[in-house]
Amino acid sequence: MNKDSKIYVAGHRGLVGSAIVRNLKSKGYTNIIGRTHSELDLTDQQAVRKFFEEEKPEYVFLAAAHVGGINANNKTPADFIYINMEIQNNVIKAAHDFKVKKLLFLGSSCIYPKMCPQPIKEEYLLSGYLEPTNEGYALAKISGLKMCQFFKRQYGDNFISCMPTNLYGSNDNYDLETSHVMPALIRKFHEAKINNKSEVEIWGTGKPLREFLYVDDMADGCVFLMENYDGEQHVNIGTGKEVTIGELAQMIKEVVGFKGELKFNTSKPDGTPRKLLDVSKLEGLGWKYKMELKEGISTSYEWYLKNNSLN
């Protein structure tokens, strides 16, 4: 990419897309475009084609997606598979038809089998059954990844994919019905603190192991891949480090300053028991994360305090 190349970031106001825009600007890229959902509905094929025909982006970061936590995935699996497949089908096909120079598709580590060997290598994809609680979303993302591979294989399109681990940071979703575990816990502990509650409920046993990557590190990894990688194989983006949900909750409790107790509700699902990415492929290309977890939680909590009305 040249500094004045026309770069379209699909989903530029979300957690992932906004971080990619920040990273591109920090590196001196000046011609970045985005569209809000009201300006461009990515599930509308004709609207997407019209946008690509008129704007002619040279590079595309496909970060737009219908996302949510375990609760939302459980309740609305049809929405997760249908909406995500519509978005990625429309954007990838338009990128092909209108001769985009390069596209990066962002997936999720939930695409890997539930009982995957750990840490998870890229080649473990489709080697076992998926986690039932997010199967709809995972199948959509697998389809997007494969679509990029097949367009590259059949037509020579420079379409690549990356699979980030669990992300958190600025512009995260703090709605308790649809959020992921990190923002949900930050909000729960903050509300418990200001309401002088004696305990905070944590879903499940607290024993599942998870890996967390600060979203600005993820964005840096995405831009690195766009600048340096052209392979057909998707690439994991993560830290290669993990904590239990219980340890995470304790860490957030300390950052927020909540003095009460943790109550684990074991009637709620745990999800996948362990999910740690093998990031040796990306590290071998020359990239590594920077933000450690405790510092990232503090930075995220500061953002939350500045951007919510419950203080």
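As annotated in an unreviewed UniProt entry, the protein carries the name GDP-L-fucose synthase and comes from Clostridium ragsdalei P11. Per UniProt, the protein has the following entry under Function (unreviewed entry): "Catalyzes the two-step NADP-dependent conversion of GDP-4-dehydro-6-deoxy-D-mannose to GDP-fucose, involving an epimerase and a reductase reaction." UniProt lists a comment for the protein under the heading Sequence similarities (unreviewed entry), and it reads "Belongs to the NAD(P)-dependent epimerase/dehydratase family. Fucose synthase subfamily."

Digging into the nonpolar core
Judged by nonpolar contacts, the single largest core of 39 residues is most densely connected at Y8, L42, F52, V91, I92, L103 and Y112. Of all the secondary-structure elements, those providing two or more residues to this core are β1 (7-10), α2 (45-55), β3 (59-62), α4 (77-97), β4 (102-106), α5 (135-155) and β5 (159-164). Element by element, the count of residues in this core is highest for α5, at 7 residues. Once residues within four sequence positions are removed from consideration, V91 is found in contact with L42, V48, F52, V60, L62 and L103. Membership of the second largest hydrophobic core comes to 33 residues, among which are L15, A219, V235 and I237.

Some words on the packing of helix α8 (residues 245-256) against helix α10 (residues 293-306)
Packing of α8 against α10 brings their axes to within 10 Å, and their N-to-C directions diverge by 50 degrees. With respect to α10, the element α8 is oriented oblique. Every pair of crossing elements has a handedness; the one defined by α8 and α10 is right-handed. On the side of α8, the interface is formed by L248, M251, I252, E254, V255 and V256, while α10 contributes L293, K294, I297, S298 and Y301. For the contact of α8 with α10, a count of residues per class yields 8 nonpolar, 1 polar and 2 charged.

Focus on the sheet that holds β3
Paired through their backbone hydrogen bonds, the strands of a sheet run either parallel or antiparallel. Overall, parallel pairing links the 6 strands, which are arranged β2-β1-β3-β4-β5-β10 in an open sheet. Each end of this open sheet is capped by a strand with a single partner; those strands are β2 (32-33) and β10 (235-237). The pairing of β1 with β3 spans 4 bridges and is parallel. In the strand pairing of β3, I7 is matched with Y59. On the sheet, helix α1 (residues 15-26) packs against β1, β2, β3 and β4 and is oriented at approximately 155 degrees with respect to β1.

Thresholds applied
- Residues numbered from 1 in each chain as written.
- Predicted model: local features only at pLDDT ≥ 70, side-chain atom pairs only at ≥ 80, totals over all residues.
- Heavy atoms only, no water.
- UniProt positions renumbered as here; feature names shortened; annotations may be inferred.
- Core = buried A, V, L, I, M, F, W, Y, C linked by side-chain atoms within 4.5 Å.
- Buried < 20%, exposed > 50% of the residue type's maximum accessible area, 1.4 Å probe, protein only.
- Helix = DSSP H or I, 4+ residues; strand = E, 2+ residues; numbered from the N terminus.
- Contact = heavy atoms within 4.5 Å.
- Axes fitted to C-alpha atoms, helices over the stretch in contact; angles between N-to-C directions.
- Parallel < 35°, antiparallel > 145°, perpendicular 65-115°, else oblique.
- Left-handed = near helix turned anticlockwise from the far one by under 90°.
- Nonpolar A, V, L, I, M, F, W, Y, C, P; charged D, E, K, R; others polar.
- Pairing = 2+ DSSP bridges.

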